[in-house]
Structures are given as C-alpha cells and as structure tokens.
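# Coordinate analysis (summary)
Below, each chain spelled out in residue letters.
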2 protein chains.
Amino acid sequence: MKTVYVKSLYRDTDSYAGKTVSVAGWIRNIRVSKSFGFIELNDGSFFKNVQIVFGEELENFKDIAKLNISSSLYVEGQLVLTPEAKQPFEIKAEKIVIEGLSSPEYPLQKKRHSMEYLRTIAHLRPRSNTFSAVFRVRSLAAYAIHKFFNERGFVYVHTPIITGSDAEGAGQMFRVTTLDMENPPRTEDGKVDYREDFFGKSTNLTVSGQLEAEVYALAFRNVYTFGPTFRAENSNTPRHAAEFWMIEPEIAFADLEDNMKLAEDMMKYVINYVLENAPEEMAFFNQFIDNTLLDRLQNIVDSEFGRVTYTEAIELLKKSGKEFEYPVEWGMDLQTEHERYLTEEIFKKPVFVINYPKEIKAFYMRLNDDNKTVAAMDLLVPGVGEIIGGSQREERYDVLEKKMEEFGLDKEDYWWYMELRKYGGTKHAGYGLGFERLIMYLTGISNIRDVIPFPRTVGTAEF
Amino acid sequence: MKTVYVKSLYRDTDSYAGKTVSVAGWIRNIRVSKSFGFIELNDGSFFKNVQIVFGEELENFKDIAKLNISSSLYVEGQLVLTPEAKQPFEIKAEKIVIEGLSSPEYPLQKKRHSMEYLRTIAHLRPRSNTFSAVFRVRSLAAYAIHKFFNERGFVYVHTPIITGSDAEGAGQMFRVTTLDMENPPRTEDGKVDYREDFFGKSTNLTVSGQLEAEVYALAFRNVYTFGPTFRAENSNTPRHAAEFWMIEPEIAFADLEDNMKLAEDMMKYVINYVLENAPEEMAFFNQFIDNTLLDRLQNIVDSEFGRVTYTEAIELLKKSGKEFEYPVEWGMDLQTEHERYLTEEIFKKPVFVINYPKEIKAFYMRLNDDNKTVAAMDLLVPGVGEIIGGSQREERYDVLEKKMEEFGLDKEDYWWYMELRKYGGTKHAGYGLGFERLIMYLTGISNIRDVIPFPRTVGTAEF
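The name an unreviewed UniProt entry assigns to chain A is Asparagine--tRNA ligase, from the organism Lutispora thermophila DSM 19022. Taken directly from UniProt, the Catalytic activity (unreviewed entry) text for chain A runs: "tRNA(Asn) + L-asparagine + ATP = L-asparaginyl-tRNA(Asn) + AMP + diphosphate + H(+)". UniProt lists a comment for chain A under the heading Sequence similarities (unreviewed entry), and it reads "Belongs to the class-II aminoacyl-tRNA synthetase family."

Next comes the structure, spelled out in structure tokens:
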C-alpha cells in the first residue's frame, strides 16, 4: 500500500480533500462506541495526529476496536474536511490493515508521566508529544547549522574523537584503551605500558575540536566542526552530560568583531529556521513547557546583540546595587547570576562580554595590548546566561610560546599547533556552541537529559 | 580591509572585471623578476588560485619579493580579464599587506611529495592541491547527505557514542573508562570493579547506531544517523580506520525494496551534488588520481542499479568460468574478488545482492520464508565492491527471540530492542554507508588515511 505522509495532508490539505488516501502510523488514542470508533493516528512525519473514523462496516471492526495504544496500522479511506471540528480534516476508513499489535501494558499511556520516568523508557519516549517535538526540533536545528555554514562556503571538518593529547585543558577526559584491564602490560618500572595499547600510546576522548579546526581554518579560511565531545566530570546537574555535541566554527583573516558577527548571524538563522519549520512544535513548547519561550526567541531574532567589555560589565554589576551571592570584583569569573543579571536586567537582550582577564581564560586566546586581558567573547542570553564562548586566537608565535610556559604546558605536545604560527599564520578566531544547550534554549526544556536521545551522565549509560 | 572570496571572483567574474577588489590568502607560488612579480594566491574558499601581479611601484616591493611560500597576505588591486592567458583574470596589486611570514623550511614545497610523507604533516597537507580537493569534497558530500535526508523529511538522530553494550556484534570495541589503570578498584573476588567506573559499569565506543536508530524509526518513521563509529581491529590496511563516520538510515513501514530504492536515490543524489558543486576538484581527481573516475561516477548516476539474489549470484559466478582465489559455493561470504566480478564484469553497473544465507549475516536481519536466507542487501559498485550493507529487520518478536538464542545473545541486554517488537512493531529496514568509503569512491583516493583529516589507525593517533 503506497502511503502518503500525514505532514503532506496537513501542509497540502486542499489537494487531498475528498480523495482516497492511504496512511500508515501508530495509534496514539482510540475511542470506540458500539458501531464506530475514532483513532488518533501518528505517523512520525508530523507533530499532529490524523483522526481516523471507522465503522462496523469494516470486516475487521471488532479486531480494530480491541487495539491498544501504539498498535501500528495501514489505513485507506477518504479525506474529509471537517471545518466545524477541532481537527481540520479526518479520514473515513474504508480499509484498515493491522500491522503490529501493542499491549495493555504499553508503558506510555495517555496520562502524564514524569520526565524522570520517561528517561527510563528512552526507547519509547520519542513517541510522546513532548519528545516527538524535542527530537524533531533537534534534527531541524542540526540541519539549520549545516545549512547556515554551507551557504557561507564554510568547510565542515571532522576533527578526531580519539586524541593522543591529554592536555586540551577544557576538562577531565575519558581514557580509550584496548589493554586488558585485569592485567595490563607493564614497563620495567611497573607502570602500565601504553606502548602496548592500540594506538601505541595513551589516548582519550576529545573535549574539543578547536585546535584541529584551527589547522583547517588556516587552509580553507572558514571551517566548522559539528561532532561529539566528552567530559568526564563528576557533575550530576541538569546542565551537564558526559557526551554532548558541539559546533566549533573557526575563521581566518578574522578578528573578534568578525567572530561576534558570525555568532549573532548564526543564532538568528537557527532560531528563524526552527520557528519557520516547526511552528506546531514551538507552539506546543510555548503552551506546555515555557510560556515565555516564543517571546524570548523573537526578542533574540529582533535585537541587535549588545557589546560590553568585561571591565565595563564589572562596573555595571557593582553599580547595580544588587546583592549577589558571589561578590563582584575585577578578576573574578562571571557566575550565572551575574551573566543573567547583565543580559536580563541591564541589557534586556543578548550581549557579548569581551576582553576577559587573561588569568581566567585559556592559553590560546589572543593577548590584548593592555597585557592584562585577552580577546575572549562570551555570548550571554536571557534565561540562560552563557551560551557561546569564543575568542580571537593568539597568532604571534613568541606571545603564544610565552603563554604556554606561563600555563605550564609542554610545547612538544603542541608542535603542530605552534607551526601554524610559523608558516603564514593569520589573525583568526572562533567559538564553541554546545548543541544541547542550544536545544534546551530553543525548546524550554530544562534538563539536558531530555534533549539527548540516550543521555550519558555520571552513573548512567543505558540503552 | 573588507575582502571578497576568490570563489566569487571565479563564479561571478564579469561583475568584478575592471573593479578594485581586496582578497586575503596564502602564497602557493611566487616568481619575481627585477621589477615585478607574480603570486599564486589561494584563499581556501576555492580550489583554484588567483594570480596577483605586483610591481616595484609598491613601497614594500622588496619585502614582498622575499616572501616564502605559505606567507599570508592582504591584496588590493584591479581585477583585469586576461582572455589570452592560462588563467581567466588576474589582480594588478595596488597595495599588499603582509599578514604572516612563512619560512624557507616550510615543509610543503612546490615539488611532489609522497602521500606517506604528507600524512606526517597532516596539519599542513590541507594546503596542498590534492588535500584541498579531498576535504572540500568530503565537506560537500556530508552536506549532500544531510540535504538529501532533510528534503525527504527524515529526522537526524544522534545515537550514543559511549555504549554500555559490548555486544553489538559488528566488531571489536574500545573500552572507555575513568578508572585508575595503574591500580583499579577490585571486587572481592579480585576482578576489576566496573561499578566504580564513571558510568557504574563497563562501557565501550559504539560500532553502530543501528539498534538505537530503530528506536527512532519506530517513532518518526524515517530517520538517519551520521556520526563517528569505532573498530578496535588490528587491521593495518588501506581500507580500515579505527575511527570513521557512518550514515545509517532506518525506515519504518518499509521493506527491502524500499530500502534499495532509498540507497540508490541517495547514492545518485550525493554523486550529482558533488559533481555539480565541485567541478574543479572532480576534474583534478580525474586528471591526477584516477582517470576513470568521472566515467565511473557518471555510470552510476545514469544506471538503473541491478538486483540479484545471492543464490543467483553464486550461480552466475560459477557459470562464469573465472578462476577465483576463493572457490565459489553456496553458503560462503562473498569476497571482494567475487563482488567486483559481479558488478564490473557481469552487470557492468551497481548491483544489489539480496537474500544472503542466514548463517553469514547478523541476528537482526529478517528471516525469509525459505527459512534459509535473510532479507539482507549489499550494494556492490564497480571499482570497489561492497559500499553499502543493509537489511530488512526482523520485526516478529518470536522469530527474533529464537534467532538471538541461536546466536548465543543474552536477551536481557536487548530488552528495549525486543520491546520495539511488542508495542506496535512494523516492517522496517535500513542500511549503513561508511562515509570514508564513499569519499574514497568519489575522489579515487585509495588509502582511507588520506580522506580523514587526522586518521586513527593501529599504532597512530597523531595530532
């Protein structure tokens, strides 16, 4: 039976009106009276269900009437407009073929379940309204990112997941090994002998593709990564996962100003794309998850993002008279409370904070002429705080070398990174956007476990 | 200095002719005579260079004349059409700003280098013609895949990289751990105690996202994954990497026929996209890497892919009279020599081989009515052999259960996978395409190490 997608029925209703159509999908709800019944059928192509009306003239009426939620069906029938009803149309079934049965024990019944419970059935939760919406938006946002960078001629680079470096500095790492854990080979002095490991040395999962992305920016000018990254931190919070996806653009012949422009354009592009391509899902989030969501996103799209230096931001926070948990003083790292106050109360829109004290930022950020700050940028957005972190990179060999010494890094480990500064180095810049943070922001979902199909967090790697 | 991309100059030459333009890029070649010189400048936006002509009227002429290959520059000047010359236009420099110096020791000199040597400078090789072409095509092919599936309404799913399962059956796995390797915690009976590990159990890197993709196909109908996968096999060959990217679509309410149709459409779409969007790169590969390339790809685009059952294929191979290294008999796995003979000599085009003996294929493939074969499909293409492997999945709970017993698998480990068959299971199917194999096929590059930015293979995890 050649089927049409429910999405097509909704988007192109007029051309199907009065015609016989075939659909396939799963029962989300079924109500039966003596001689007829209604099925809410969802085929996964669209957020909304299509209503099926079926009567006792169907030879398998009794079998259908007994079906449980989540049974799968093929349905053939006439599409009838129902302008007076809640739904714009329904299908009057002429034939229903039962494809797969379900059971009364189906765990995802019509009633509301807690998010915690739904995590324990991560293999079924994408069939619920909330997760159907979340994971379609996740897919659309991923596509929007690729489309944005492709339209600008950026080259997509797959930076390595397994890395021989254990010093990327962005967090604790997972070891990757094929050694026998029970009884690993040992060197003469009794240490584990990683020369015997798969790669002939100790290896870890990457925490960032940035350093390798810089390699490619200095060949292709504009590049980006979009891939999984890992943190082995023991952070059991709603905002931390051990495995998450990150987007890291890197642009050559470019400074911090170009970097901010790119980040602003990208954020607006992705939000617009999702609003345009998932209106039903976004309306659902606004109604059931966070009723400030659409206003908040529209504010981002419509605003020119603010700019403020770290030093000015500290002054603004001090002058505000607000009592913060962490007292404000120059040299401190901004906490979420400060970030949110800046973007929500002072600027009332997204704002870039730039030029942070060099001591609290990474070694590769470009030293400013004041010798005290680096050309870093954090993008703060209302409702969250920091969503993007980036910087102009230090392109001066001697300055970078000195910085690495100050940070206690071994230059040998970074020989190739240093060489980028020796052979036609250029001003360049980039940033990182945690993809799950973006999805939380786009959907209003407050726990990172609920925007990842099968989340990996401390103590949990199910499915 | 606001710059224009060299790609724009080539694609839209007429609108720049006679105008003053600014470009930024790296010197690929420089020739200087007494009072003027030529620079081949590449800005990474385009495969081809732009020729810069500069003369002694520039105040920094002497500095420019001394520049080494790979120095980076900003150039401003008039774009002049040169219809009689090899290149269609050049820029008569009015101003050149030196951005970053290079050195005479720059390792990537004009002369030809071996691919082996270039792997040792993986941080510089994207600046060579060959790798500039390879990695732009890689990026375009990735985009084409996302675009293809997005246009068809497929949901992109990020299946987990770290998995608690060690039984996906597709190959040897890497362990992921945060335990102290020198002195891991032990249980009472002296074994390593993985309850103390980060996830509270033993974990590995995924070899396939298929099982999780099936979860999502049974919610969204049409889904795909595109992410890194890992094999810890000690295979030091030109075709095996320990870390590679894989595309795995999965479609519900679909059978093997739908699956083949999808694979054929996808292959043609991606090839067409790359031919259209990287004509210069593809011409380069055809000239310097494999001069059968363009014909071979055109043949794929123009052919209706063949179909043959495994049983028929065995007969055809037997009847061919050809002496194979591995003798042909029913029940054997096809070797590359057989696959290539089938697609190159017998069919002379891509061909799907379907319905393989159940013993040589995975447990999840759907058992055919003959009880001897499963609904598997391998796509064979000239020049390579197998490029795609897939199947219809076993959707019948009892048949799957029996199969798992035969394969000695623990049903407990697959409880959620089994439940998909209990709550509205449907016919469904999918396949896997190794992304690097595709790139090798699209470029003619014969070693997988040369289509991955920073390859990970036995004994190698540099950069």
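## Here we look at the overall build of chain A
Per the secondary structure count, chain A includes 14 helices and 16 strands. A principal-axis box enclosing the C-alpha atoms of chain A has dimensions of 85 × 60 × 45 Å. Restricting the contact set of chain A to residue pairs at least 6 apart, pairs at least 24 apart contribute 67%. With an accessible surface of roughly 18,400 Å², chain A has 46% of that area assigned to carbon and sulfur atoms. Charged side chains of chain A number 56 positive and 71 negative; the gap between the two group centres comes to 4 Å.

## Points about the pattern of salt bridges
Taken as a whole, this structure holds 52 salt bridges over all chains when the rule is applied. In this structure, Lys201 of chain B and Glu462 of chain A form a salt bridge, with 3.5 Å as the shortest nitrogen-oxygen distance. Residue Lys201 of chain B is found in the loop between strand S8 (175–177) and strand S9 (203–205), and its partner Glu462 of chain A is found in the segment after helix H14 (435–443); the two belong to separate chains. Since its relative accessible area comes to 38%, Glu462 of chain A is described here as partly exposed.

## Structural notes on the domain arrangement of chain A
All names here are of chain A. According to the domain assignment, chain A consists of domain 1 (6–100) and domain 2 (127–171 + 207–450). The interface is formed by 8 residues belonging to domain 1 together with 10 residues belonging to domain 2. Taking both partners together, domain 1 and domain 2 bury about 790 Å²; carbon and sulfur atoms supply 41% of that area. Of all residues in domain 1, Arg11, Arg28 and Phe47 bury the most surface against domain 2, accounting for 67% of the area lost on that side. Taken together, domain 1 and domain 2 are joined by 1 salt bridge. The shortest N-O distance in the salt bridge between Arg11 and Glu280 comes to 3.0 Å.

## Observations concerning the sheet that holds strand S14 (residues 373–381) of chain B
All names here are of chain B. Taken in spatial order, the 8 strands line up as S6-S10-S11-S16-S15-S14-S13-S12 in an open sheet, and their pairing is mixed. This sheet does not close on itself; its edge strands, each paired only once, are strand S6 (155–156) and strand S12 (306–309). Pairing between S12 and strand S13 (residues 351–357): 4 bridges, direction parallel. Within S13, the residue paired with Arg307 across the bridge is Phe352. Against the sheet, helix H5 (residues 129–151) engages S6, strand S10 (222–230), strand S11 (243–252) and strand S16 (428–434), with an angle of about 150 degrees to S10. Those strands touched by helix H14 (residues 435–443) are S10, S11, S14, strand S15 (385–392) and S16, and its axis lies near 60 degrees from that of S16.

## Some points on the confidence of the model for chain A
Summary statistics for chain A give a mean pLDDT of 96 and a share of 99% for residues scoring 70 or more. Two summary scores accompany this predicted model of the complex, namely pTM at 0.97 and ipTM at 0.97.

## Here we look at the pairing of strand S2 (residues 36–42) of chain B
Residue and element names in this part refer to chain B. Looking at chain direction, strand S1 (residues 20–32) and S2 are connected through 6 bridges and run antiparallel. Directly across from Ile27, in S2, lies its bridge partner Leu41. Sheet topology places S2 next to strand S3 (residues 50–55); 6 bridges connect them, and they run antiparallel. If you follow Leu41 over to S3, its bridge partner there is Val50.

## Some points on the packing of helix H10 (residues 310–319) of chain A against helix H11 (residues 336–346) of chain A
Residue and element names in this part refer to chain A. Two elements in contact, H10 and H11, have axes whose closest approach is 11 Å; the angle formed by their N-to-C orientations is 80 degrees. By the angle between their axes, H10 is roughly perpendicular relative to H11. Seen from H10, the contacting residues are Ala313, Leu316 and Leu317; seen from H11, they are His338, Tyr341, Leu342 and Ile346.

## Observations regarding the interface of chain B and chain A
At the interface, 115 residues of chain B touch 115 residues of chain A. With both chains or domains summed, chain B and chain A bury close to 9,300 Å², and 61% of this area falls on carbon and sulfur atoms. Looking at the side of chain B facing chain A, the largest losses of area belong to His158, Met181 and Tyr423 of chain B, adding up to 9% of the total buried there. Between chain B and chain A we count 6 salt bridges in total.

## Examining the packing of aromatic side chains
Inspection of the entire model under this criterion finds 78 aromatic pairs over all chains. Between Phe131 of chain A and Phe135 of chain A, the aromatic rings sit 6.1 Å apart at their centres with planes inclined by 20 degrees, giving stacked as the arrangement. Of the two residues, Phe131 of chain A and Phe135 of chain A are both situated in helix H5 (residues 129–151); the distance of 4 residues between them amounts to about one turn of the helix. Taken as a pair, Phe131 of chain A and Phe135 of chain A share a single burial class, namely buried. Ring geometry for Trp416 of chain B and Tyr417 of chain B: centres 6.2 Å apart, planes at 85 degrees, overall edge-to-face. Look at Trp416 of chain B and you get buried, because its relative accessible area is 6%.

## Points about unusual backbone geometry
Despite not being glycine, Ser70 of chain A has its phi angle at roughly 85 degrees, a positive value. Looking at the element boundaries, Ser70 of chain A is found in the loop between helix H3 (61–65) and strand S4 (72–81). Phi at Phe463 of chain B is positive, roughly 70 degrees, even though this residue is not glycine.

## Let's talk about the sheet that holds strand S11 (residues 243–252) of chain A
All names here are of chain A. One open sheet accounts for 8 strands, arranged S6-S10-S11-S16-S15-S14-S13-S12; its pairing is mixed. Looking at which strands have only one partner, the edges of the open sheet turn out to be strand S6 (155–156) and strand S12 (306–309). Pairing analysis gives 5 bridges linking strand S15 (residues 385–392) to strand S16 (residues 428–434), with the strands arranged antiparallel. Opposite Gly389, over in S16, you have Gly432 as the bridge partner. Relative to S11, helix H6 (residues 210–220) is tilted by about 30 degrees, and along the sheet it contacts S6, strand S10 (222–230), S11 and S16.

## A short note on H14 of chain A
All names here are of chain A. Burial within H14 is extensive, with 8 of its 9 residues counted as buried. Inspection of H14 places Phe435, Glu436, Leu438, Ile439, Met440, Tyr441, Leu442 and Thr443 among the buried residues, and these make up the whole buried set. Immediately downstream of H14, the backbone of Gly444 shows phi near 85 degrees, a positive value.

## Let's talk about the relation of the copies chain B and chain A
Of the two same-sequence chains, chain B is brought onto chain A (RMSD 0.0 Å, axial shift 0.0 Å) by a rotation of 180 degrees. Here the symmetry operator amounts to a two-fold rotation axis. When C-alpha distances to the rotation axis are compared across chain B, the minimum falls at Val176 of chain B, with a value of 2.4 Å. The overlap is high: 100% of the interface residues of chain B also sit at the interface in chain A, so the same surface is used on both sides.

## Some words on helix H10 (residues 310–319) of chain B
Residues and elements named next belong to chain B. All buried positions along H10 are accounted for by Tyr310, Ala313, Ile314 and Leu317. The buried residues of H10 occupy one face: seen down the axis, they fall within an arc of 100 degrees. On the buried face of H10, the contacting elements are S12, helix H11 (336–346) and S13. After H10 finishes, the residue Gly321 shows a positive phi value of roughly 80 degrees.

## Quick word on the side chain of Ser71 of chain B
All names here are of chain B. Examined against the element boundaries, Ser71 turns out to sit in the loop between helix H3 (61–65) and strand S4 (72–81). With a relative accessible area of 0%, Ser71 lands in the buried category. Reaching out from Ser71, the side chain makes a polar contact with the backbone oxygen of Asn68 at a distance of 2.8 Å. A distance of 3.2 Å separates the side chain of Ser71 from the backbone nitrogen of Ser102, its partner in a polar contact.

The rules we used
Residues numbered from 1 in each chain as written. Chains lettered and ligands numbered in written order. Predicted model: local features only at pLDDT ≥ 70, side-chain atom pairs only at ≥ 80, totals over all residues. Heavy atoms only, no water. UniProt positions renumbered as here; feature names shortened; annotations may be inferred. Helix = DSSP H or I, 4+ residues; strand = E, 2+ residues; numbered from the N terminus. Contact = heavy atoms within 4.5 Å. Areas by Shrake-Rupley, 256 points an atom, 1.4 Å probe, with all protein chains shown as cover. Lys, Arg positive; Asp, Glu negative; His and termini not counted. Charge placed at Lys NZ, Arg CZ, Asp CG, Glu CD. Salt bridge = Lys/Arg side-chain N within 4 Å of Asp/Glu carboxyl O. Buried < 20%, exposed > 50% of the residue type's maximum accessible area, 1.4 Å probe, protein only. Domains from an automatic or database assignment. Buried area = accessible area lost by both parts, 1.4 Å probe. Pairing = 2+ DSSP bridges. Axes fitted to C-alpha atoms, helices over the stretch in contact; angles between N-to-C directions. pLDDT = per-residue confidence, 0-100. Parallel < 35°, antiparallel > 145°, perpendicular 65-115°, else oblique. Phe/Tyr/Trp six-rings, centres within 6.5 Å; stacked < 30°, edge-to-face > 60°. Least-squares fit on C-alpha atoms with pLDDT ≥ 70 in both. Arc of directions from axis to C-beta. Polar contact = N/O pair within 3.5 Å; in protein donor to acceptor, adjacent residues only side chain to side chain.

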